[in-house]
Amino acid sequence: MTSFGQTNSLFRNVGNSTFAKANAGTLVTEAAEYDGTAWGDYDNDGFLDLFITHGSVVQGSRVPNFLYRNSEAEPSPKSLMVP
């Protein structure tokens, strides 16, 4: 879940009808003004990747969107995506 000016929230399906909140990693420790998220298999490797949109303008420049590529069920550092 994205948020405005606060850290994001990420929940993992534990598999028994419950979810566990992730407390570590860039995805959840970075405070920013993200607009939305979408999960999909960007690179067709069988693991869901996460795309985060960013609608802010800072000092006259649009802040870029980010793609987190998932490999072997571990998210990679974010990749810069041109808006």
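Residues numbered from 1 in each chain as written. Predicted model: local features only at pLDDT ≥ 70, side-chain atom pairs only at ≥ 80, totals over all residues. Heavy atoms only, no water.

Caption draft 1: Representation of the pattern of salt bridges within the structure. Scanning the model with the defined rule gives 1 salt bridge in all. In this structure, Asp 43 engages Arg 69 in a salt bridge whose closest nitrogen and oxygen atoms are separated by 2.7 Å. Pair noted here: Asp 43 is in the loop between strand S4 (31-40) and strand S5 (49-54) and Arg 69 is in the loop between strand S8 (65-68) and strand S9 (70-71), with a separation of 26 residues, a long-range link. The class for Arg 69 is partly exposed, based on a relative accessible area of 36%. (Salt bridge = Lys/Arg side-chain N within 4 Å of Asp/Glu carboxyl O. Helix = DSSP H or I, 4+ residues; strand = E, 2+ residues; numbered from the N terminus. Buried < 20%, exposed > 50% of the residue type's maximum accessible area, 1.4 Å probe, protein only.)

Caption draft 2: Layout of the confidence of the model for the protein chain. Per-residue pLDDT for the protein chain averages 75, and the proportion of residues at 70 or more is 75%. Element-level pLDDT for the protein chain is lowest in strand S11 (residues 79-81), with a mean of 52, against a maximum mean of 89 in strand S3 (residues 19-21). (pLDDT = per-residue confidence, 0-100.)

Caption draft 3: Structural view of the pairing of S8. The two faces of S8 match: Asn 65 and Leu 67 on one face and Phe 66 and Tyr 68 on the other face are all buried. Two elements, S5 and S8, share 3 bridges in a ladder whose sense is antiparallel. For Leu 50, the partnering residue across the bridge sits in S8 and is Tyr 68. (Pairing = 2+ DSSP bridges.)

Caption draft 4: Geometry of the nonpolar core. The biggest cluster of nonpolar side chains holds 7 residues, and these are Leu 27, Val 28, Tyr 34, Leu 50, Ile 52, Phe 66 and Tyr 68. Within the residue set of this core, elements represented by two or more residues are helix H1 (26-29), S5 and S8. Beyond its immediate chain neighbours, meaning those up to four positions away, Leu 50 contacts Leu 27, Thr 37, Ala 38, Trp 39, Phe 66, Leu 67 and Tyr 68. (Core = buried A, V, L, I, M, F, W, Y, C linked by side-chain atoms within 4.5 Å. Contact = heavy atoms within 4.5 Å.)

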